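# Fold and geometry: a report
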Amino acid sequence: MSYCVKSKCVLKNIILTIFIFLLVYFFCTPIGALRLAIFPWAPETAVSTHIHTMFNRERQQQLQKEEIPFFVTVYVFQFENAPIDKQTKGPMITWKVYRFGPLCLATYFGEG
């Protein structure tokens, strides 16, 4: 009887640890926040590993100057299968990542 109770407790702790790890990944890393934000538009892109930061420093600095808050970072990402904006029919590659301490939240910037 006690073995069954202990195994349930261990299983519960493992599930809780995995859940906490996923929360930290999705809300404390820019890529995790981006995947969470992309999921409603393109779930297959959000779960794939084909998202890379595009190192266009000049464009990132220009976009960064347009933003007023200091806690906003503008990222340009390169996707193999970029999500498509329904209004403009263009690829969604420029995203804003808000950082509040250790937390990150991503939103679409509004241009391709």
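Here, every reference points to the structure presented above.
One structure accompanies this document, and this report is about it. Only a predicted model underlies this, so the values are computations on that prediction, with no experimental measurement involved.

## Section: the pairing of strand β4 (residues 103-108)
The two faces of β4 differ: C104, A106 and Y108 on one face are buried, but L103, L105 and T107 on the other face are not. Strand direction decides the pairing type here: strand β3 (residues 94-100) and β4, joined by six bridges, are antiparallel. Its bridge partner being in β4, K96 is matched across the sheet by T107. Two successive antiparallel strands, β3 and β4, enclose a turn made up of two residues, where G101 displays a positive phi of approximately 65 degrees.

## Regarding the packing of aromatic side chains
A ring pair, where both rings are aromatic, is described by two values, the distance of the centres and the angle of the planes. This model, assessed by the stated rule, comprises two aromatic pairs. A centroid spacing of 6.4 Å and a plane angle of 5 degrees characterise the contact between Y98 and F100, whose relative ring orientation is stacked.

## Concerning the nonpolar core
Of all hydrophobic cores here, the largest spans 14 residues; its most connected members are L34, I38, F77, F79, W95 and A106. Residue contributions to this core peak at four residues, all from helix α2 (residues 30-38).

Rules behind the numbers
Residues numbered from 1 in each chain as written. Predicted model: local features only at pLDDT ≥ 70, side-chain atom pairs only at ≥ 80, totals over all residues. Heavy atoms only, no water. Buried < 20%, exposed > 50% of the residue type's maximum accessible area, 1.4 Å probe, protein only. Helix = DSSP H or I, 4+ residues; strand = E, 2+ residues; numbered from the N terminus. Pairing = 2+ DSSP bridges. Phe/Tyr/Trp six-rings, centres within 6.5 Å; stacked < 30°, edge-to-face > 60°. Core = buried A, V, L, I, M, F, W, Y, C linked by side-chain atoms within 4.5 Å.

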